[in-house]
Amino acid sequence: MKRALPILLLAPLCLSASAQERRSGFENMARDTQAMQTDDTANPGMLWVLEGQSLWHQPAGPAAQSCASCHQNTEVSMRGVAARYPAWDEASAAPIDLAGRIAQCRETRQGAPPLARESQGLLSLSAYVGNQSRGLPIAPPADPRMDAAREQGRALYTARRGQLDLSCAQCHDDNAGRRLAGSTIPQAHPTGYPLYRLEWQTLGSLQRRLRGCMTGVRAEPFAYGASEYVAIEAFLASRAQGMALETPAVRP
Amino acid sequence: MLLLLASPPAWAQDDAISTPLTASPGDATRGRALVADRQRGLCLLCHPGPFPEERFQGNLAPDLAGAGSRWNEGQLRLRLVDSKRLNPDSIMPSYYRTEGLNRVGPAFRGRTVLSAQEIEDVLAYLLTLREEAPR
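This text gives an overview of the structure that appears in the document. (Residues numbered from 1 in each chain as written. Chains lettered and ligands numbered in written order. Predicted model: local features only at pLDDT ≥ 70, side-chain atom pairs only at ≥ 80, totals over all residues. Heavy atoms only, no water.)

Topic: the interface of chain B and chain A
Step number 1: Chain B puts 29 residues into the contact, and the matching count from chain A is 21 residues.
Step number 2: Of the roughly 2100 Å² buried between chain B and chain A on both sides combined, carbon and sulfur atoms contribute 52%.
Step number 3: Here chain B is connected to chain A by 3 salt bridges.
Step number 4: Asp165(A) is the salt-bridge partner of Lys84(B), the closest N and O atoms lying 3.0 Å from each other.
Step number 5: Viewed at the interface, chain A and chain B are joined by 16 residue pairs in polar contact (both at pLDDT 80 or more).
Step number 6: Along the lines of polarity and charge, the residues of the side of chain B that touches chain A split into 14 nonpolar, 8 polar and 7 charged. (Contact = heavy atoms within 4.5 Å. Buried area = accessible area lost by both parts, 1.4 Å probe. Salt bridge = Lys/Arg side-chain N within 4 Å of Asp/Glu carboxyl O. Polar contact = N/O pair within 3.5 Å; in protein donor to acceptor, adjacent residues only side chain to side chain. Nonpolar A, V, L, I, M, F, W, Y, C, P; charged D, E, K, R; others polar.)

Things to note about helix 11 (residues 206-216) of chain A
Residue and element names in this part refer to chain A.
Step number 1: Within helix 11, the full set of buried residues consists of Leu206, Gln207, Leu210 and Met214. In an axial view of helix 11, the angular spread of the buried residues amounts to 100°, which keeps them on one side of the axis.
Step number 2: You can read the cap of helix 11 off the contacts: a side-chain oxygen lies 3.3 Å from the backbone nitrogen of glutamine 207, and it is on serine 205. (Buried < 20%, exposed > 50% of the residue type's maximum accessible area, 1.4 Å probe, protein only. Helix = DSSP H or I, 4+ residues; strand = E, 2+ residues; numbered from the N terminus. Arc of directions from axis to C-beta.)

Topic: the sheet that holds strand 7 (residues 250-251) of chain A
Residue and element names in this part refer to chain A.
Step number 1: Read across the open sheet, the 3 strands follow the order 6-5-7; overall the sheet is mixed. Both outer strands of the open sheet, strand 6 (202-204) and strand 7, are each paired with one neighbouring strand and no more.
Step number 2: Sheet analysis places strand 5 (residues 195-197) next to strand 7, joined by 2 bridges and oriented parallel. Looking at the pairing, arginine 197 lines up with arginine 251 of strand 7. (Pairing = 2+ DSSP bridges.)

A closer look at the side chain of Ser133(A)
Step number 1: Relative to the assigned elements, Ser133(A) resides in the loop between helix 8 (120-131) and helix 9 (147-158).
Step number 2: Relative accessible area serves as the criterion here: at 0%, Ser133(A) is assigned to the buried category.

Shape is all these values report; function is a separate question.
Right, dumping it as structure tokens:
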């Protein structure tokens, strides 16, 4: 009985997304942009993955430990990890996203100087860990302690905001596939993050993307790392359950 | 519903704002520039329209071509000021409303998307759009 509950609670969240066939933003892209993503030698995001790999093995903090000292055999120990985030964090008794977890490990376990959100170091490590789950289905934890965040995320996703008074759902559910000026509106699946966006000319996190959509409707974005973003990330993950991870993706 | 939209009803009172927002009449040339401006009017983000020189027009909303023959001045004014009074679910921003909004960015707080004069300018331009888009 206890086991079945979280699945039941997740079901209504998935309804709107499954009403239309789910498509990654990848499907909306021009052929050459798709090729840029799928060819590792052309994918600019792979530079961050390589940088992340070297950081992963670099000793830091008073005990001169690296990430690899604790998580040996990365290809095995990190496989599938990114597909499960956001997840419940026992230490803070709150949901945490992958970047938050990496920053937390670094600060509290490694004792190294903190890595800020969107810093080169945190993006690189997130891209490296994310890349270990490439091709795996998004698999949000059935942990019922995550349900309140997923529900809050759904509420944030459907609330109108900003001077233009638009909700995420109005664009990404009701108008996905149509064109907002020159951009085809994607279904907002979090499959590719962190990803290389041509418009940014750099790698960026899902939270950066969410901020962009919020300032686009002239709303006040939340601060990086805010629980509201983690809640939206958790909702988007439940909505994209089963879709393949693409990290590092490329987007226009 | 569709029928109602196609033929503007005669009980037009709730469906229109007949009094201009400013004393000086709208200027259609300024209005056209505002409609095309992606930082100010924002219209072409969602609407296509008779702007052969503008690439990347949206397709979330009806073509603006013919708007001036489908609706009269008062009806168009209401649609610009606050289209949600006609359709609460509309995605069209309310261009002349500041209350009832959520988490407006600091730079935009307490300000309408367009000024009263700009609404009248856009309106003057829309009234020149008598011809439907070719099918």
